[in-house]
Amino acid sequence: MLSISEFSEMCHLSPQTLRFYHSEGLLVPADVNERSGYRSYTFEQVEQAMLITVLRGTGMSVKLVRRALDEPDTAPVLLQQHIAEVRRLRQAQDEAISDAREFLTSWPEVRRHHVPEMTVVSKSAPALPAGSGEYDWDQVDAGTNATVHDVIKAVEACGAVVSGTPWRTWATKTAEQKRANLTMEGPYWLVKIPVTADEQALAALPGDLEVQSFEARDELSIFIPGRSSMAKFGTAISRLLTHPLETAYLDISRMRQLLHDDGIETAAPLCDLDAPETTD
């Protein structure tokens, strides 16, 4: 039998860690003295301690390691699931590091620019499930990106050419869509793809796609790198609304989000103070 100090030294696990593993049922001593509480281990338990150390070294939780030891047949599957989660977390960390570098190197600034008239093809993106709770920007991005892919595929199949950056904008045609813009279930999004195409190509588009004319306009926009989040959305809107203007106002109701590969550019049209309101 090995004392806890001997076992600790042999396995490179501190006595505190061994006591913790004991309390969690992960590595139970071969014997515990009823009077002194001293723990003793066998040489055979060194192998178990080694396996636990290896699995814990991957970042697996104590609960998951205990399950892998209790159900050896499932251990490879559990490890593979853990590897997938680690890779997902690493990707998220890499994206966060990239965002941090962008923000610290060049803080996003509002810019003013002119957008020419163009033809766009529009399609509704999937709505979030009702009662989904906190607004899920990852799910919104996944839905709009899938819709962009579908629209581009349909457009190119009909002989049209994508001629600009896709964007999404609030859907406000129906009362339900307008209501959703004010709740956690919304907003509903429309995806719009700029295209160059003749009438024959546009007429051949599937029925669930709508061809629209986007009027030329001056805009304020701000690009924020990385994946979408409520904080980034709020920052973009705040920076746009507080940008100083003298003879114009910003129509945030006609906001659009341009879907760049490395981030989102939030833009809204500038309207002359004396000019009548228009709709896209």
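The structure contained in this document is the topic of the report that follows.

Thoughts on the overall build of the protein
So, step 1. Each helix and strand counted, the protein has 9 helices and 13 strands in total.
So, step 2. Compactness check: the protein gives a C-alpha radius of gyration of 29 Å against a globular reference of 19 Å for 280 residues, more than 25% above the reference.
So, step 3. C-alpha extents for the protein along the principal axes are approximately 90 × 45 × 35 Å.
So, step 4. Going through the 280 residues of the protein one by one, you find that 36% of them count as buried.
So, step 5. Considering only residue pairs separated by 6 or more positions, the protein has 65% of its internal contacts joining residues 24 or more positions apart.
So, step 6. Accessible surface for the protein amounts to roughly 16,700 Å². Of this, 53% is attributable to carbon and sulfur atoms.
So, step 7. Within the protein, one finds 26 positive and 41 negative side-chain charges whose respective centroids are separated by 4 Å.

Some remarks on the layout of surface pockets
So, step 1. Considered as a void within the structure, the second largest pocket measures approximately 360 Å³ in volume.
So, step 2. Residue lining of the second largest pocket: 19 residues in total, with Gly-226, His-260, Asp-261, Asp-262 and Gly-263 positioned closest to the centre.
So, step 3. Elements with a contribution of two residues or more to the lining of the second largest pocket: helix H5 (75-105), helix H6 (137-157), strand E10 (217-225), strand E12 (256-260) and strand E13 (263-272).
So, step 4. In terms of residue count, H5 provides more of the lining of the second largest pocket than any other element does, 4 residues in total.
So, step 5. Here the lining of the second largest pocket is composed, by residue class, of 4 nonpolar, 7 polar and 8 charged.

Things to note about the side chain of Thr-144
So, step 1. Tracing the backbone shows Thr-144 in helix H6.
So, step 2. Its relative accessible area of 1% is what places Thr-144 among the buried residues.
So, step 3. Looking at Thr-144, its side chain comes within polar contact range of the side chain of Arg-168, at 3.1 Å.
So, step 4. Among residues more than four places away in sequence, those in contact with Thr-144 are Ala-125, Arg-168, Trp-189 and Val-191.

Some words on the packing of helix H4 (residues 62-70) against H5
So, step 1. Between H4 and H5, the least distance of the axes is 8 Å, while the angle of their chain directions is 155°. What the angle tells us is that H4 and H5 run roughly antiparallel. Between H4 and H5, the residues in contact are Leu-64, Arg-67 and Ala-68 and Ala-75, Leu-78 and His-82, respectively.

As for the packing of aromatic side chains
So, step 1. Summed over all chains, the structure comprises 7 aromatic pairs.
So, step 2. Centre to centre, the rings of Phe-20 and Tyr-21 are 6.1 Å apart; their planes meet at 45°, and the pair counts as tilted.
So, step 3. Residue classification places Phe-20 among the partly exposed residues on the basis of a relative accessible area of 38%.
So, step 4. With 6.2 Å between their ring centres and 55° between their planes, Trp-137 and Trp-189 make a pair best called tilted. Of the two residues, Trp-137 is situated in helix H6 and Trp-189 in strand E8 (residues 189-196); the sequence distance between them amounts to 52 residues. Judged on exposure class, the residue Trp-137 and its partner Trp-189 are both buried.
So, step 5. Here the aromatic cluster, defined as three or more aromatic residues joined through ring pairs, consists of Trp-137, Trp-170, Trp-189 and Phe-233.
So, step 6. Positioned above the aromatic ring of Trp-189 is the side chain of Arg-168, whose terminal nitrogen or guanidinium carbon lies 5.1 Å from the ring centre.
So, step 7. The ring centre of Trp-167 lies 4.3 Å from the NZ or CZ of Arg-256, which sits over that ring.

Quick look at the environment of Val-65
So, step 1. Mapped onto the fold, Val-65 is located in helix H4.
So, step 2. With relative accessibility at 0%, the residue Val-65 sits in the buried group.
So, step 3. For the pair Val-65 and Val-54, spaced 11 residues apart in the sequence, the C-alpha separation amounts to 9.8 Å.
So, step 4. When neighbours within four sequence positions are excluded, Val-65 is seen to be in contact with Leu-26, Ile-52, Leu-55, Arg-56 and Met-60.

Reading the values: the criteria
Residues numbered from 1 in each chain as written. Predicted model: local features only at pLDDT ≥ 70, side-chain atom pairs only at ≥ 80, totals over all residues. Heavy atoms only, no water. Helix = DSSP H or I, 4+ residues; strand = E, 2+ residues; numbered from the N terminus. Rg over C-alpha atoms; globule rule 2.2 N^0.38 Å. Buried < 20%, exposed > 50% of the residue type's maximum accessible area, 1.4 Å probe, protein only. Contact = heavy atoms within 4.5 Å. Areas by Shrake-Rupley, 256 points an atom, 1.4 Å probe, with all protein chains shown as cover. Lys, Arg positive; Asp, Glu negative; His and termini not counted. Charge placed at Lys NZ, Arg CZ, Asp CG, Glu CD. 1 Å grid on protein atoms, 1.4 Å probe; cavity = no way out; pocket = protein on both sides within 12 Å on 5 of 7 lines; lining within 4 Å. Points joined across faces, edges and corners; volume = space filled by probe spheres on them. Nonpolar A, V, L, I, M, F, W, Y, C, P; charged D, E, K, R; others polar. Polar contact = N/O pair within 3.5 Å; in protein donor to acceptor, adjacent residues only side chain to side chain. Axes fitted to C-alpha atoms, helices over the stretch in contact; angles between N-to-C directions. Parallel < 35°, antiparallel > 145°, perpendicular 65-115°, else oblique. Phe/Tyr/Trp six-rings, centres within 6.5 Å; stacked < 30°, edge-to-face > 60°. Lys NZ or Arg CZ within 6 Å of the ring centre and 35° of its normal.

These figures come from the coordinates and say nothing about function on their own.
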